[in-house]
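# A structural walkthrough
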Amino acid sequence: MSAGEEVIGVAPVAAPAPRPVRLSPLVATLLTAAGLLALWLAASSFGWVSPVFLPHPAKVLAAVGRLVGAGYVDGTLFEHAAASLGRVFSALAFSILVAVPVGLAIATSPVGRGILDPLVEFIRPLPPLAYLPLIIIWFGIGEGSKVLVIALAMLAPIAISTAAGVRSASESQVNAARSFGAGRLAVLLHVQLPSAIPSILTGIRIALGAGWSTLVAAELVAASRGLGFMIQSAAQFLVTDIVIVGIFVISALAFAFEALLRLVERLFVRWSGHH
Amino acid sequence: MTELRLTNVSLSYAHRQGFGALTTTRVLQRVSLALAPGEFVAVIGRSGSGKTSLLNLAAGFVAPSEGRVERGGRPISGPGADRAVVFQDDALYPWLSARDNVAFPLRLAGVGRDERRARAAELLRQVGLVAETDRAIWELSGGQRQRVGIARALAAKPDFLLLDEPLGALDAMTRERMQELLLAVWQTSGTGVLLITHSVEEALFLGTRVVVLAPDPGRIVADRHFDFSRRYLAGEPARALKAAPEFIAAREALIAAIHADEAMTA
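None of the values given here were measured: they were computed from a predicted structure.

## Focus on the interface of chain A and chain B
Chain A puts 19 residues into the contact, and the matching count from chain B is 24 residues. Here chain A meets chain B over a buried area of about 2,000 Å², counting both sides, of which 70% is carbon and sulfur. In this structure, the connection of chain A to chain B is made through zero salt bridges. Of all the elements in the fold, those that place two or more residues in the side of chain A that touches chain B are α8 (171-179) and α9 (184-218) of chain A. Take the side of chain A that touches chain B: its biggest share by element is seven residues, from α8 of chain A. Residues belonging to the side of chain A that touches chain B are distributed by class as follows: eight nonpolar, nine polar and two charged.

Right, here's the structure in full:
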């Protein structure tokens, strides 16, 4: 106990007001999840909805066990998840390699902006299911087409956030480098690109969201593995528990990578938001 | 070392309001100014008198619309490491530590890692930062940041330091300490200095020469020499100097020069 607390203990000036019960965000989240689970339990236990629409949670849990062990449509849960992860991250690597230079060009060169900005704005609002047939006609039904469909959904957010990040370098930061003898390339590498990193990370987070939501569409095309493929196969035979497991696994994977990226931001770009 | 010379320099910006006609604004009109090596020139003037434009011309960030900017008879075509700039908004790189910010010009110059780290630490010590060497920029105070900015400018071993209101955003106490630091740095490095400032007292205390600009369009209306900075470096206390009758008289004369054209139109 510190000296200050002792003084208050000896001579209380006024009785402290009773503390209002505060709900922390974490408790609110847990309560919401518990409430939804309880609602689900009640709905299937009391027969409010048909098990075809909403199987009992225990049945879904059992489906997880089945998926991990025996698997479904020729693959275990791990194999399906690995196939999907492989596609999403191949697409991410591809779109970072393409979209970061595109964003740099848009932000630093008027001609680059003239050429690339309309293309990015053309791709950005397109729903993946709209360009999926064209990709199949052009590139066939191989693995490359699936990755490309996902990558196309990821390009625009990364390119736009890169361009915005480059513009966040102040004129004096750029001029300082120039006054120390930096040419355009050195300014780009040493000033504009580093100041764009927080924005690029945000763009990657948005892109991963877009990538996961495009996954099921991409795996419509002649896939034999993958979470999206697993969900569609199960849906055709009304195996609702597998569909639900697939949804939860996609959501959990997306959440895990979102958390990982936020950790990366906290560890490596602590400077952003401080200057 | 050769002088940095601006001869009959004019600077105009073209701009368009909405869909209106293209208009040009003349920010500097036939300004001539030679900055000798080792000289400390302070430039003061009201807002819009083209102080920062003058510095941008000297730095090579902008090219003059008319006239010449040259060193040793050779025209200046862009920024160069012989003229290092310190900015009001510090312009440091927050993703680098204080040391790596100072080492930045050395890195551009191709100096090896160990040598540039050692030299950066030494420069930081010169501006009074030792414990802060490996701190992040966002952990430093405004005054400490400007010290890093000054150390970074010195790292380039420039012939001229171009200071664009570097103390403008600091509180009064910090500002006085930084003025004394600037004089110490000027004395040890032997560089020429071009200081842009809003503060008449600061210009008078620091400059061996004070140049007064008047606006619309920016032009030189006064150019005088003073020895207060040399007297400070010879040992006279700063506060006593700033309270001396001759300092106050000079300050009032400069203020009158700054507002001379205003009085006529008012």
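## As for the packing of aromatic side chains
Within the structure shown, the criterion is met by 12 aromatic pairs over all chains. With a centroid separation of 5.9 Å and an interplanar angle of 35 degrees, the aromatic rings of F46 of chain A and W48 of chain A are classed as tilted. Of the residues examined, W48 of chain A reaches a relative accessible area of 56% and is grouped as exposed. Residues F205 of chain B and Y232 of chain B carry aromatic rings whose centres are separated by 5.4 Å and whose planes lie at 70 degrees to one another, so their mutual orientation is edge-to-face. Of this pair, F205 of chain B sits in helix α6 (residues 200-206) while Y232 of chain B sits in helix α7 (residues 228-233); the two residues are 27 residues apart in sequence, bridging distant segments of the chain. Cluster of aromatic residues (ring-pair linked, three or more members): W271 of chain A together with Y93, W95 and F104 of chain B. Taking NZ or CZ as reference, K242 of chain B lies 4.5 Å from the ring centre of F205 of chain B, over its face.

## Some details on the environment of R19 of chain A
Residues and elements named next belong to chain A. With respect to the helices and strands, R19 occurs in the loop between α1 (3-10) and α2 (25-45). Residue R19 is classed as exposed on the basis of its relative accessible area, which comes to 81%. In sequence terms R19 and L148 are 129 residues apart; their C-alpha atoms lie 56 Å from each other.

## Focus: the domain arrangement of chain B
Residue and element names in this part refer to chain B. In terms of domains, chain B is made up of domain 1 (1-65 + 159-266) and domain 2 (92-157). A C-alpha centroid distance of 26 Å is found between domain 1 and domain 2. Counting from both sides, the interface comprises 11 residues of domain 1 and, opposite them, 10 residues of domain 2. Here domain 1 packs against domain 2, burying approximately 880 Å² in sum over the two surfaces, 76% of which is carbon and sulfur. Run the count over domain 1 and domain 2 and you get one residue pair in polar contact (both at pLDDT 80 or more). Element by element, the count of residues in the side of domain 1 that touches domain 2 is highest for helix α5 (residues 172-189), at seven residues.

Rules and cut-offs
- Residues numbered from 1 in each chain as written.
- Chains lettered and ligands numbered in written order.
- Predicted model: local features only at pLDDT ≥ 70, side-chain atom pairs only at ≥ 80, totals over all residues.
- Heavy atoms only, no water.
- Contact = heavy atoms within 4.5 Å.
- Buried area = accessible area lost by both parts, 1.4 Å probe.
- Salt bridge = Lys/Arg side-chain N within 4 Å of Asp/Glu carboxyl O.
- Helix = DSSP H or I, 4+ residues; strand = E, 2+ residues; numbered from the N terminus.
- Nonpolar A, V, L, I, M, F, W, Y, C, P; charged D, E, K, R; others polar.
- Phe/Tyr/Trp six-rings, centres within 6.5 Å; stacked < 30°, edge-to-face > 60°.
- Buried < 20%, exposed > 50% of the residue type's maximum accessible area, 1.4 Å probe, protein only.
- Lys NZ or Arg CZ within 6 Å of the ring centre and 35° of its normal.
- Domains from an automatic or database assignment.
- Polar contact = N/O pair within 3.5 Å; in protein donor to acceptor, adjacent residues only side chain to side chain.

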